[in-house]
Amino acid sequence: MQALLKRELGTSMLKATGHSGGGCISDGQSYDTDSGRVFAKINHKSQARLMFDGEAASLDAILKTETVKVPKPTKVIDLEDGGAVFIMEHVDMRSLSKCSAQLGDQLADLHLHNQRQRERQDKEEQTVGKGSGQSDVPVIDKFGFHTATCCGYLPQVNDWQSDWVMFYSQQRLQHQLGLVEQSYGDREARELWAELQLKIPGLFEGVQVCPALLHGDLWSGNVAECSEGPIVFDPASFYGHAECELGIAGMFGGFGRAFYSAYHKKVPKAPGFERRKELYQLFHYLNHWNHFGNSYRGSSLRIMKDLVKQSA
């Protein structure tokens, strides 16, 4: 693999450093090269290319908003024996602590970026002799993403839709429950979904949803801080409801009060926020059920029951 990386990166030096890492999906290793240190994510699964291409597109989209720091993507390289390597900027990181409030503030800016772009565009269109300055980031008026992204190793259905409730119901929950059905044929999940999908529109009554660029998998294991402040990584981006981001943020350790206080200062909670947060957590419990098995069945069904009961 080292010869392949040398060739693809155009470097005569490729020296593994002591910096390594990774999660339950991919392995990671830092290398010193002629042009500086890089970080490589390595995955030998057949779908690695799809997964890494989606991650690179996600990092690039977030990077262009100039709101919250992410590692700069460099290149996705196919391995000769299957799988792929994703090369990106190496960043010295430590656990998030001092920068928690700053992360909340910057995440709010990320979520508001598309809305602000639209407002700026509308204002320019109403101004005679407007300037020709255009942002690198287009204004997005639908929900989805221009390419597939993976939450874990499972591809998300990112086909563009103009209706958020339809998008989330069909392309997030229905898709995950379809995978559950294929693997487990779970009758209780099937029956609960038949009830729940009828209740979902009621959770959004009076709520206006503007497409927001999301990280897509923002749990405490995918954030850190560096010399420049907070940094987020391992995204599974798409344009969706900003509240959707806070589903997994409250799971698996979650974030502290300073994070939420800073975030909601810019993005206040809309009526019904807590019930929708449960709905957004449901996707991640189903996704974990499909990744890691029946240990996540109970949590998935509990949320479905709660939402059906509350909406009765």
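Residues numbered from 1 in each chain as written. Predicted model: local features only at pLDDT ≥ 70, side-chain atom pairs only at ≥ 80, totals over all residues. Heavy atoms only, no water.

- An unreviewed UniProt entry lists the protein under the name protein-ribulosamine 3-kinase, from Aldrovandia affinis.
- Here is the UniProt Sequence similarities (unreviewed entry) comment for the protein, exactly as written: "Belongs to the fructosamine kinase family." (UniProt positions renumbered as here; feature names shortened; annotations may be inferred.)

### As for the packing of helix H5 (residues 187-199) against helix H9 (residues 297-310)
Argument step 1. Put simply, H5 and H9 touch, their axes get as near as 9 Å, and they point 35 degrees apart. Judged by the sense of rotation from one axis to the other, the crossing of H5 with H9 is left-handed. Each of Glu188, Ala189, Leu192, Trp193, Glu195, Leu196 and Lys199 in H5 lies in contact with H9, whose residues at this interface are Arg297, Leu301, Met304, Lys305, Leu307 and Val308. (Axes fitted to C-alpha atoms, helices over the stretch in contact; angles between N-to-C directions. Helix = DSSP H or I, 4+ residues; strand = E, 2+ residues; numbered from the N terminus. Left-handed = near helix turned anticlockwise from the far one by under 90°. Contact = heavy atoms within 4.5 Å.)

### A word on the environment of Phe143
Argument step 1. In this structure, Phe143 sits in the loop between helix H3 (100-125) and strand E6 (150-151).
Argument step 2. Residues contacting Phe143, with those up to four places away along its chain left out, are Asp159, Trp160, Gln161, Ser162, Asp163, Trp164, Phe167, Val209, Cys210, Pro211, Tyr239 and Gly240.

### Digging into the pairing of strand E9 (residues 223-226)
Argument step 1. Every second residue of E9 is oriented toward a common face, with Val223 and Glu225 on one face and Ala224 and Cys226 on the other, all of them buried.
Argument step 2. Where E9 meets strand E10 (residues 229-232), four bridges bridge the pair, whose relative direction is antiparallel. Its bridge partner lying in E10, Ala224 is registered against Ile231.
Argument step 3. The antiparallel pairing of E9 with E10 creates a hairpin that spans two residues between the two strands. (Buried < 20%, exposed > 50% of the residue type's maximum accessible area, 1.4 Å probe, protein only. Pairing = 2+ DSSP bridges.)

### Some words on the packing of aromatic side chains
Argument step 1. All chains considered together, the criterion is met by 16 aromatic pairs.
Argument step 2. Aromatic pair Phe259 and Tyr260: ring centres 5.0 Å apart, planes at 85 degrees, arrangement edge-to-face.
Argument step 3. Joined through ring pairs, the aromatic side chains of Phe143, Trp164, Phe167, Tyr168, Phe204, Phe238 and Tyr280 make up one cluster.
Argument step 4. Here the basic side chain of Arg276 rests over the ring of Phe204, its NZ or CZ set 5.9 Å away from the ring centre. (Phe/Tyr/Trp six-rings, centres within 6.5 Å; stacked < 30°, edge-to-face > 60°. Lys NZ or Arg CZ within 6 Å of the ring centre and 35° of its normal.)

### Considerations on the pattern of salt bridges
Argument step 1. According to the stated counting rule, one finds 24 salt bridges in the structure shown.
Argument step 2. Put simply, Glu225 and Arg94 hold a salt bridge, and the shortest N to O gap is 3.5 Å. On the criterion of sequence distance, the pair formed by Glu225 in strand E9 and Arg94 in the loop between strand E5 (84-89) and H3 is long-range, its members being 131 residues apart.
Argument step 3. Note on Glu225: relative accessible area 1%, which makes it buried.
Argument step 4. Notably, a salt bridge pairs Glu274 with Lys277, separated by 3.6 Å at the nearest N-O pair. (Salt bridge = Lys/Arg side-chain N within 4 Å of Asp/Glu carboxyl O.)

### Quick notes on unusual backbone geometry
Argument step 1. Positive phi, close to 50 degrees, is recorded for Asp234, a residue that is not glycine.
Argument step 2. Residue Phe252 is not a glycine yet carries a positive backbone phi of 55 degrees.
Argument step 3. Along the chain, the position of Phe252 falls in the loop between helix H6 (245-249) and helix H7 (257-266).
Argument step 4. Among the residues examined, Phe252 registers a relative accessible area of 31% and is labelled partly exposed.

### Notes on the packing of helix H8 (residues 273-292) against H9
Argument step 1. Here H8 crosses H9 at 155 degrees, and the two axes come no closer than 9 Å. On the basis of their axis angle, the class for H8 and H9 is roughly antiparallel. Every pair of crossing elements has a handedness; the one defined by H8 and H9 is left-handed. For the pair H8 and H9, contact is made by Arg275, Glu278, Leu279, Gln281, Leu282, Tyr285, Leu286 and Trp289 and by Arg297, Ser299, Ser300, Leu301, Arg302, Ile303, Met304, Asp306, Leu307 and Gln310, respectively. (Parallel < 35°, antiparallel > 145°, perpendicular 65-115°, else oblique.)

### Notes on helix H4 (residues 164-184)
Argument step 1. Compared with the 30 Å implied by 1.5 Å per residue over 21 residues, the 28 Å span of H4 between its first and last C-alpha is a close match.
Argument step 2. The sharpest bend along H4 reaches about 35 degrees and sits at Gln174.
Argument step 3. All of the buried residues in H4 are Trp164, Val165, Phe167, Tyr168, Ser169, Gln171, Arg172, Leu173, Gln176, Leu177, Leu179 and Val180.
Argument step 4. Elements in contact with the buried residues of H4: strand E7 (154-155), H5, strand E11 (238-240), H8 and H9.
Argument step 5. The N-capping residue of H4, defined by a side-chain oxygen 3.0 Å from the backbone nitrogen of Val165, is Asp163.
Argument step 6. Downstream of H4 by one or two residues, Gly185 has phi in the positive range, about 55 degrees. (Expected span 1.5 Å × (residues − 1). Bend = angle between axes of the 7 residues up to and from the residue. Polar contact = N/O pair within 3.5 Å; in protein donor to acceptor, adjacent residues only side chain to side chain.)

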